[in-house]
Structures are given as C-alpha cells and as structure tokens.
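These are the residues of each chain, in order.
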Amino acid sequence: SQELEQSPQSLIVQEGKNLTINCTSSKTLYGLYWYKQKYGEGLIFLMMLQKGGEEKSHEKITAKLDEKKQQSSLHITASQPSHAGIYLCGSRYNTDKLIFGTGTRLQVFP
Amino acid sequence: EAGVTQFPSHSVIEKGQTVTLRCDPISGHDNLYWYRRVMGKEIKFLLHFVKESKQDESGMPNNRFLAERTGGTYSTLKVQPAELEDSGVYFCASSQTSYEQYFGPGTRLTVT
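Okay, so let's go over this structure. Worth saying up front: this structure is predicted, and the values here are computed from it rather than measured.

Digging into the environment of Thr-70 of chain B
Residues and elements named next belong to chain B.
Turning to step 1, where the next piece is worked out: Turning to its location among the elements, Thr-70 is positioned in the loop between β7 (65–68) and β8 (75–79).
Turning to step 2, where the next piece is worked out: Judged by its relative accessible area of 59%, Thr-70 is exposed.
Turning to step 3, where the next piece is worked out: Sequence separation between Thr-70 and Glu-52 is 18 residues; the distance between their C-alpha atoms is 5.9 Å.

Next up, the structure:
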C-alpha cells in the first residue's frame, strides 16, 4: 500500500489562480519534505516541515504540516507558468531514506 | 558550488546488456542515495551510502544491481544483465546530514 498519497494527481490551472496540493500519510510522520521536478530535471528541494502546525513560505509557495491528521498541504498563490512541474511530498519516517508520494502534475496555462 | 551530477543523462540498451550509471555527489557530502522511478510509479529508494559503506540497501530490487562507492566519493550503479522492467529514471542524491537531500538530474534508462 502507498504510504504517502497526494491529491490531486493532476492539476491544470489558469495563470494567476491559487491552488492547493495535499499529501496524506498512512502512518506517523517524522518531518515532511516538498520537492518539485521539472521535466527532464532533478528534484528541487522546496521546503521541509518538522513540527506539527509548522508553516513555511518561499516566494509564492506555502506549506503547512498537520501532524495529528498526518497531512501536509502545499499552496501556491497567483500561479505562474514557472510553477508548472511535478510536486512531490516525501517523508523519512524516522529513517535516512525518503519515501515519496505519488506526485501531483501541475500545468499552468496563460 | 557544483550540485549533484549524473552520467549519462540518457542510456538506451538492449535487454541482457550491462549499463553503469555514475553519480558525483556534492563535495564533502558523506551521504549518497540512489532512487529510481519506473514508469507510472512513485520514486523509490534503492540504497544509501555513508562514505564508502552501504548503510541501507533494502531497496535494491535484486542481485542484478550492484552499487559501489570507492573512496567515498563518486558512486556507480551497475545493472547486469538489464531487463525490460529496469527502464526508468535513476536519481542520485547526496547530503551532509540526513535532513536535506540534494538530487541530481537523473539518468533515464531505456531497456529495449
């Protein structure tokens, strides 16, 4: 079974719109990572959340962690074409290896 | 500072052949990880080196895969003999601590 489920799997939005991507864990989280992948490129680290209730922002991207619900959300404000790509959540689950979510493919059209 | 580099970026081989992928981590990073994404699936962990030692190789699919990290610098991942199901993108990551892993651009392997 999949430990980290992301929703939606795919998202197409118009430039300027806000959007949210969710990541739900089937077991207790020990930190949550968000990465972005552009086609043909590696994974770009966005942010890491370690504590329940923690919220971090980078430019127009904000991520929150709800440890009780074992969930994290990634919110993009006023989306731009440069935000397009695959967003991945991941967790170490108290190990050194990253377990990744199923991914969310975001397309932003003008 | 140079990031994680991987070579080649793309490899196309026939079933039964051998392929060796290379990863150069960020200088000074003791931790090196291999991951892969096969078609339609999520990215999965393969193994973890700390310097030249294999810390965790629980994700290696079978004995056709051999990873090495001689001298604790670059790492190679050899697939011998390659099978069709080995096709996918192989990512390498490195870190100083366990917390933030920096990923390379990946090697796309196609086995025909």
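Quick word on unusual backbone geometry
Turning to step 1, where the next piece is worked out: Put simply, Ser-7 of chain A and Pro-8 of chain A share a cis peptide bond, and its omega is -5°.
Turning to step 2, where the next piece is worked out: Along the chain, Pro-8 of chain A falls in the loop between β1 (4–7) and β2 (10–14).
Turning to step 3, where the next piece is worked out: For the peptide bond that leads from Phe-7 of chain B to Pro-8 of chain B, omega is -5°, which places it in the cis range.
Turning to step 4, where the next piece is worked out: Structurally, Pro-8 of chain B is set in the loop between β1 (5–7) and β2 (10–13).
Turning to step 5, where the next piece is worked out: At Glu-59 of chain A, a position not held by glycine, the phi torsion is positive, near 55°.

Digging into the nonpolar core
Turning to step 1, where the next piece is worked out: Counting 23 residues, the largest nonpolar core has Leu-32, Trp-34, Tyr-87 and Leu-106 of chain A as the members making the most contacts within it.
Turning to step 2, where the next piece is worked out: If you list the elements that add at least two residues to this core, you get β2, β3 (19–25), β4 (32–37), β5 (43–49), β7 (61–66), β8 (71–76), β9 (85–91) and β11 (104–109) of chain A.
Turning to step 3, where the next piece is worked out: When near neighbours in sequence (up to four residues on either side) are disregarded, Leu-106 of chain A contacts Leu-11, Val-13, Leu-19, Ile-76, His-83, Ala-84, Gly-85 and Tyr-87 of chain A.
Turning to step 4, where the next piece is worked out: Residues Cys-23, Leu-46, Leu-47 and Leu-109 of chain B belong to the second largest nonpolar core, which totals 21 residues.

A short note on the sheet that holds β7 of chain B
Residues and elements named next belong to chain B.
Turning to step 1, where the next piece is worked out: One open sheet holds the four strands; their spatial order is β1-β3-β8-β7, and the pairing between them is antiparallel. Of all the strands in the sheet, just β1 and β7 have a single pairing partner and so form its edges. On average, each strand axis in the sheet is tilted by 15° relative to the strand beside it, whichever way the strands run.
Turning to step 2, where the next piece is worked out: Sheet topology places strand β3 (residues 19–24) next to β8; five bridges connect them, and they run antiparallel.

Observations concerning the sheet that holds strand β6 (residues 55–58) of chain A
Residue and element names in this part refer to chain A.
Turning to step 1, where the next piece is worked out: Across the sheet, which stays open at both edges, the five strands sit in the order β1-β3-β8-β7-β6 with antiparallel pairing between neighbours. For this open sheet the edge positions go to β1 and β6, each flanked by a neighbour on one side alone. In this sheet, adjacent strand axes meet at a mean angle of 15° when their direction is disregarded.
Turning to step 2, where the next piece is worked out: Pairing analysis gives six bridges linking β7 to β8, with the strands arranged antiparallel. When the bridges of β8 are listed, Leu-65 appears paired with Ser-72.

Scoring rules and cut-offs
- Residues numbered from 1 in each chain as written.
- Chains lettered and ligands numbered in written order.
- Predicted model: local features only at pLDDT ≥ 70, side-chain atom pairs only at ≥ 80, totals over all residues.
- Heavy atoms only, no water.
- Helix = DSSP H or I, 4+ residues; strand = E, 2+ residues; numbered from the N terminus.
- Buried < 20%, exposed > 50% of the residue type's maximum accessible area, 1.4 Å probe, protein only.
- Core = buried A, V, L, I, M, F, W, Y, C linked by side-chain atoms within 4.5 Å.
- Contact = heavy atoms within 4.5 Å.
- Pairing = 2+ DSSP bridges.
- Axes fitted to C-alpha atoms, helices over the stretch in contact; angles between N-to-C directions.

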